[in-house]
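Structural features, examined
Each chain, letter by letter, is given below.
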Amino acid sequence: MKVGLIGNPNVGKSLIFTQLTGIGVEISNFPGTTIDILSGGVCYQREIVELVDFPGIYSLDGTSDEETSVRRYLQEENIDVIVPVLNASNLERNLYLLLQIAEYQMSGVVVINMVDESEKAGIEIDFAHLSDIIGCTVIAAAASEGRNVGDIIPCTLSDARKMNYEVPYMQHIEAAIRSLVKIHGCSRREALDALQNLGTDADLLDSASTLAEEIEEEHQMSVHQIIATNRHNAAAKIADEITVIKDHKKKPDLDSLLTRAFPGIPILIILLFSTLMTVFFIGSFLEEIIVELFNIYLIAPLMSAGLSPFWEQILFSLILATQAGLGIAFPFVFVFYILISILEDSGYMTRAAFLADRAMHHVGMHGQALIPMVLGLGCNVPAIMSIRQLSKRERIIASFLITMVPCSARTVIIAGIVAVFVGVAWAFSIYLIVFILIIITGFVLAKITPGEQFGMILEMAPLRKPIPMQTMKRAWLHMKEFLFIAMPLLLVSSVFLGVLQYAGTIQAFQDIFAPFMEAVLGLPSYASTSLIFGILRKEMAFETLAILAGTADLGSVMTSLQLYVFAVVSVLFVPCISTIAVLYREMGWKIALMVSTYTLMLGMGIGTAINLLAVSFL
Amino acid sequence: MQTSVHEDYLEWILENRIESLEEDTLEFLSHKFNRNMDTVRNDLKHLENTGDITVGPGTAVRLTEQGQKTAKCILKKHKVLECFFTEMLGMDQNTASQQACRMEHEASDDTISRLNQYLSRPRRCKQACNRVCGPQCDLKSLSSYNEKETVCVALIRGPRRMGRLNDMGVIPGEEITIQRKLSNGSLVVTIKGSDIAISPEIAASVLVEPIE
Ligand SMILES: Nc1nc2c(ncn2[C@@H]2O[C@H](COP(=O)(O)OP(=O)(O)OP(=O)(O)O)[C@@H](O)[C@H]2O)c(=O)[nH]1
Ligand SMILES: [Mg+2]
């Protein structure tokens, strides 16, 4: 049996999905977290139920990517029971979508989520009455507390009933529906879709467009607008009947601080700055401890064990890789994700997007694109996936800019190499360089990218106190990816590297690139190998550097300038392989190739410039 | 005296900017409303008693604040109805005016304001609109209002992507409150209980009118 969770963005669908299936998915407090339709199994009384988590949508007849994909899924895949999830504290707007879902005439169970918040706000909802109106069971839930979430699956199995509410449309629309149904034998919903030019039946669309034109001429409004108005009116009526606002409690108005230019913008800057600072400080503190432990308890014993040179080389590479992986990436990546999760769960991201809207226009995008950019600070891959909400032109620009955003793996390089061995101020200067390059690139792209620019329409997420448990879970979700995908890759390639190094192949390879690396970037020859490994995963540039240099204490083998140039080049140059892959999937090979070439040239160019400038002036 | 006649007097005084009641004006009135001179005099007395007009010194006459309000309201109804009859139904001016004269007393304020909104859309009621609805037609974009103001959506211009706005509840007749406006024009508005951030260029395509 297949059950679909559907609803407005940010109502808690993914949280319910996670609680029911146990599959860890992205849950965060801004609209548009879930991008792909995802399904998972739930076992209940020996029956397997396939649960589907949809991206949040505002309507089933919209034209945006996520709306189109959900509509197609509903029409083409067989969903047995649909579970609309509504936000109790914003019922009226949520009912609008519910009325549309009801038009699909599927069996369903309605979940009203976030009743904890509506109760706090003094809103009383008559769930039984709603159940009467809509014709199916209504469950009042609060997913964050786990309240009644367990009832959903049993209810879909035993108590799913067909939703049977019909929105009364304006007479002309009703007349058009009647004639379409009569002539083409389609359903009421198909007729409504066809009037809005949606659907695949050419004949139906043809007659519908004639009718639609007439109606639009008569009313001077688009059919979609008329239908939307009728639905909103019906939703308002139902909301009115089933809700009573008991006492109007005033919430503390934090927005008067957060969304004003002052002090909102200083707060935004301080938040981002202190996030990076915290990552640097906590990260390097933990790192020192872990590296020290490895040195004392693993590396020293190995060196004094007197193994054969081959095995010593292999084991040494393995230990160094683990040391670099756990000891250096772990503290930075984990701390970073905890902080980012706190920021996301608090609902602050939408405020930041609002404040940045105008500034983002200068780089050819709008405020909503700030969210992928900030996500990019974590990892470029999900960030690039979430640009689907932007227009075509903005997506092209965003592909370039997001790949330039220093992700957590690159933070590892900046923090682990520059902050530790050169200085924290220098580490920040890399962010500054990248930031300036992003702005310049954006400026230029905004001028030359074809296509139309649209503005932002973004629902503000409610401000909430992040729940520590949930924050840790999310940070862990990202860490898991690191531990189970990156670490094995790292270990395998370190053994590989060890063998190659033992055989002298690496030396031969490096000899080819050495002259260039020496002359232009001023880097030791093994740096070229690390940079190549950096394409696999960014932090591996750093880790292999440690392996090839033969020590995690890079300060002892390279000068500050060399370390700085190495960090700048590996931060800028060519996105990692997964980013290239996701760029290819989302945007096509042309953009993927263009982005890779551009960043490659940028990295080499800036690295050369810094090196030559420093050499000639210092 | 019926309310309709009562209202007609006030409307007439306002429309024709009557400042004094000479003998011939009274005659004209008796003819217009089809009542004899004495009744007209009585009627005017009655108007004075209800506090809608003040008479004197001499033949001078003036609408009181209350009278002015009633008169304006009726006059607006008359014009909106007349506009509808001539422009939308294609009736001739005279019949339209006569019909409007009868219906203006029965139509509720809500009916008239809805009708007016309907007429206010562009391409409708072209020249007549400016004459009849006056400032009502002068829709302004959402971006021309300030923080904490509540306005009523009249019309959404622009491309299909605006469908998102409709779905979020920006539909004609809906009230929206501006929560925040930055100096660069970005807005946060409350629509149907949720806060939505919109770019200046989107705000510019939403035409609204103030709520009286
Ligand atoms: N207070 C409260 N918060 C909740 C509840 N359910 C979910 N949340 C929070 O609401 C936010 C959004 O949850 P998600 O599960 O990501 O929402 P979604 O519907 O999947 O959102 P999209 O993927 O963007 O469509 C998260 O921060 C949750 O912690 C609830 O019952 N009460
Ligand atoms: Mg989700």
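Residues numbered from 1 in each chain as written. Chains lettered and ligands numbered in written order. Predicted model: local features only at pLDDT ≥ 70, side-chain atom pairs only at ≥ 80, totals over all residues. Heavy atoms only, no water.

**Overview of the domain arrangement of chain A**
This is how it is decided: For every domain, the bounds stem from an assignment made automatically or drawn from a database.
For chain A, the assigned domains are domain 1 (2–162), domain 2 (171–245) and domain 3 (261–617). Between the C-alpha centres of domain 2 of chain A and domain 3 of chain A there is a distance of 50 Å.

**Remarks on the pairing of strand β2 (residues 38–44) of chain A**
Residues and elements named next belong to chain A. Formally: Only strands that DSSP links by at least two bridges are regarded as paired with each other. Under the scheme used here, helices are H or I runs from DSSP no shorter than 4 residues and strands are E runs no shorter than 2 residues, and both carry numbers assigned from the N terminus.
Inspection of the sheet shows β2 paired to strand β3 (residues 47–53) by seven bridges, in the antiparallel sense. Bridge pairing in β3 places S39 opposite V52. The turn joining β2 and β3, which pair antiparallel and follow one another in sequence, is formed by two residues; a positive phi near 45 degrees is taken by Q45.

**Points about the packing of helix α17 (residues 392–404) of chain A against helix α19 (residues 424–448) of chain A**
Residue and element names in this part refer to chain A. What counts, and what does not: To define axes, lines are fitted to C-alpha atoms, for helices over the stretch in contact only, and angles between the resulting N-to-C directions are given on a 0 to 180 degree scale. Under this scheme an angle from 65 to 115 degrees is roughly perpendicular, one under 35 degrees roughly parallel, and one over 145 degrees roughly antiparallel; angles in between are oblique. Crossings are classed by handedness, with left-handed meaning an anticlockwise turn of the near helix from the far one by less than a right angle and right-handed meaning a clockwise turn. The contact criterion used throughout is that any non-hydrogen atoms of two residues lie within 4.5 Å. Each residue is assigned to one class: nonpolar for Ala, Val, Leu, Ile, Met, Phe, Trp, Tyr, Cys and Pro, charged for Asp, Glu, Lys and Arg, and polar for all the others, Gly among them.
Close contact between α17 and α19 brings their axes to 10 Å; oriented N to C, the two are set at 160 degrees. In this view, α17 runs roughly antiparallel relative to α19, as classed from their interaxial angle. For α17 against α19, the interelement crossing comes out right-handed. From α17, R393, I397, F400, L401 and M404 reach across to α19, where they touch V434, L437, I438, T441, G442, L445 and A446. Looking at the contact of α17 with α19 residue by residue, the classes come out as nine nonpolar, two polar and one charged.

**Some words on the packing of aromatic side chains**
Definition in use: Side-chain rings of Phe, Tyr and Trp (the six-membered ring for Trp) are treated as a pair once their centres are within 6.5 Å; stacked means planes under 30 degrees apart, edge-to-face means over 60, and tilted covers the remaining angles. Burial classification: accessible surface area is computed with a 1.4 Å probe over protein chains only, and a residue below 20% of its type maximum counts as buried, one above 50% as exposed, and the rest as partly exposed.
Scanning the entire structure with this criterion turns up twelve aromatic pairs over all chains. With a centroid separation of 5.8 Å and 85 degrees between ring planes, the pair formed by F336(A) and Y337(A) is classed as edge-to-face. Just as F336(A) is buried, Y337(A) falls in that class too. Between the aromatic rings of W12(B) and F28(B), the centroid separation amounts to 6.0 Å while the plane-to-plane angle is 25 degrees, which identifies the pairing as stacked.

**Digging into the pattern of salt bridges**
Residues and elements named next belong to chain A. Quick note on the threshold: Salt bridge criterion: a side-chain nitrogen from Lys or Arg within 4 Å of a carboxyl oxygen from Asp or Glu.
A complete count under the given rule lists 33 salt bridges over all chains for this structure. Residue R231 pairs with D61 through a salt bridge whose shortest N-O separation is 2.9 Å. Remark: D61 occurs in the loop between β3 and α2 (65–76) and R231 occurs in helix α10 (residues 223–242); sequence separation between them is 170 residues. Residue R231 is classed as buried on the basis of its relative accessible area, which comes to 2%. The salt bridge involving R188 is made with E166; its shortest N-O contact spans 3.8 Å. Within this pair, whereas R188 is found in helix α8 (residues 188–195), its partner E166 is found in the loop between β9 (161–162) and α7 (171–184), the two being separated by 22 residues in sequence. Through salt bridges with shared partners, one network takes in E26, E344, D345 and R474.

**Quick notes on the site of ligand 1**
All names here are of chain A. The line we're drawing: The rule for a residue being near a molecule or strand is that one of its heavy atoms must lie within 4 Å of it. Whenever two N or O atoms come within 3.5 Å, that pair is a polar contact, provided that in protein one can donate a hydrogen and the other can accept it, and provided that, for residues adjacent in sequence, both atoms are side-chain atoms.
Not every one of the 25 residues close to ligand 1 is listed here, only the nearest: K13, S14, T34, A143 and Q470. Here an oxygen atom of ligand 1 sits 3.0 Å away from a polar atom, N or O, in the main chain of G56. At three residues, helix α1 (residues 13–21) tops the list of elements feeding residues into the shell around ligand 1. Residue composition of the shell around ligand 1, by class: nine nonpolar, twelve polar and four charged.

**Some words on the sheet that holds strand β3 (residues 140–141) of chain B**
Spatially, seven strands are ordered β11(A)-β7(B)-β6(B)-β5(B)-β4(B)-β8(B)-β3(B) in an open sheet, and the strand pairing comes out antiparallel. Every other strand in the sheet has two partners, leaving β11 (457–459) of chain A together with β3 of chain B as the edge strands with one partner each. With three bridges connecting them, β11(A) and strand β7 (residues 194–198) of chain B associate as antiparallel partners. Bridged to L458(A) within β7(B) is A197(B). Packed onto the sheet, helix α14 (residues 348–362) of chain A meets β11 of chain A together with β5 (175–181), β6 (187–191) and β7 of chain B and runs at close to 155 degrees relative to β11(A).

**Some points on the coordination of the magnesium ion (ligand 2)**
Residues and elements named next belong to chain A. In plain terms, the rule: Listed donor atoms are N, O and S within 2.8 Å of the metal (Na, K and Ca: 3.2 Å). As water is not included, a site may look incomplete.
Surrounding the magnesium ion (ligand 2) are the protein donor atoms S14 (OG) and T34 (OG1), which sit 1.9 Å from the metal. Taken together, the positions of S14 in helix α1 and T34 in the loop between α1 and β2 put the pair 20 residues apart, joining distant regions of the chain. Among the residues examined, T34 registers a relative accessible area of 16% and is labelled buried.

**Here's the deal with the environment of E394(A)**
Residue and element names in this part refer to chain A. You can see E394 is positioned in helix α17. Judged by relative accessible area, which is 0%, E394 ranks as buried. Sequence-wise, E394 and G451 are 57 residues apart; in three dimensions their C-alpha atoms are separated by 8.6 Å. Residues within four places of E394 in sequence aside, it is in contact with G364, M365, H366 and F454.

**Structural notes on a nonpolar patch on the surface**
For clarity, the threshold we go by: Each patch is built from residues lacking any salt bridge and having more than 30% relative accessible area; the joining distance is 9 Å for like charges and 5 Å for nonpolar side chains (Val, Leu, Ile, Met, Phe, Trp, Tyr). Only the protein chains shown count as covering a residue, and every accessible area follows the Shrake-Rupley method with a 1.4 Å probe.
A cluster of nonpolar side chains, contributed by I282(A), F285(A), L286(A), I289(A), L293(A), I296(A), Y297(A) and L298(A), occupies part of the molecular surface with about 770 Å² of accessible area. Mapped onto the secondary structure, L293(A) falls in helix α12 (residues 261–303).

**Observations concerning the domain arrangement of chain B**
We note that the domain assignment places domain 1 (1–121) and domain 2 (132–210) within chain B. Summarising the inter-unit geometry, the C-alpha centres of domain 1 of chain B and domain 2 of chain B are found 36 Å apart.

**Concerning the environment of V582(A)**
Among the structural elements, V582(A) can be located in helix α25 (residues 577–587). For the pair formed by V582(A) and V381(A), sequence separation is 201 residues and the distance between their alpha carbons is 6.4 Å.

**Notes on the interface of chain B and chain A**
Interfaces are frequently sized by the accessible area removed from exposure as the parts join. Rules: Once two parts are joined, some of their accessible surface, as seen by a 1.4 Å probe, is lost; buried area is that loss totalled over both.
Taken together, the contact between chain B and chain A spans 34 residues of the former and 38 residues of the latter. Carbon and sulfur atoms supply 53% of the area that chain B and chain A bury against each other, a total of about 3400 Å² over both sides. The interface formed by chain B and chain A contains five salt bridges. Across the salt bridge formed by K192(B) and E92(A), the nearest N and O atoms sit 2.5 Å from each other. Where chain B touches chain A, the interface holds 17 residue pairs in polar contact (both at pLDDT 80 or more). Considering each element in turn, the side of chain B that touches chain A owes the most residues, six residues, to helix α8 (residues 163–168) of chain B. A class-by-class count of the residues in the side of chain B that touches chain A yields 15 nonpolar, eight polar and eleven charged.

**Re the pairing of strand β4 (residues 150–156) of chain B**
Residue and element names in this part refer to chain B. Buried residues dominate β4, accounting for six of its seven residues. When β4 meets β5, the two strands line up antiparallel, connected through three bridges. When the sheet's bridge partners are listed, V151 is paired in β5 with I176. In this structure, β4 lies alongside strand β8 (residues 206–210), joined through five bridges in antiparallel fashion. Residue pairing for β8: V151 is matched across the bridge by P210.

**Let's talk about α7(A)**
Residue and element names in this part refer to chain A. Stated precisely, the cut-off is as follows: In this analysis, the expected span of each helix is defined as 1.5 Å times one less than the number of residues it contains. It is the directions from the helix axis to the C-beta atoms whose arc is reported.
The terminal C-alpha atoms of α7, which comprises 14 residues, lie 20 Å apart, in line with the 20 Å expected from a rise of 1.5 Å per residue. Listed as buried for α7 are I173, E174, A176, I177 and L180. Relative to the axis of α7, the buried residues are bounded by an arc of 160 degrees and lie together on one face. Exposed side chains of α7 directed beyond 90 degrees from the buried face belong to Q171, R178, K182 and I183. In this fold, the buried residues of α7 make contact with α8, α9 (202–219) and α10. Following α7 by one or two positions, G185 adopts a phi angle in the positive range, close to 60 degrees.

**A few points about the packing of α19(A) against helix α26 (residues 589–617) of chain A**
All names here are of chain A. With their axes 13 Å apart at the nearest point, α19 and α26 run at an angle of 130 degrees to one another. It follows from the interaxial angle that α19 and α26 lie oblique. For the element pair α19 and α26, the recorded crossing hand is right-handed. Contacts between α19 and α26 involve I433, L437 and T441 from the former and Y598, L602, I606 and I610 from the latter.

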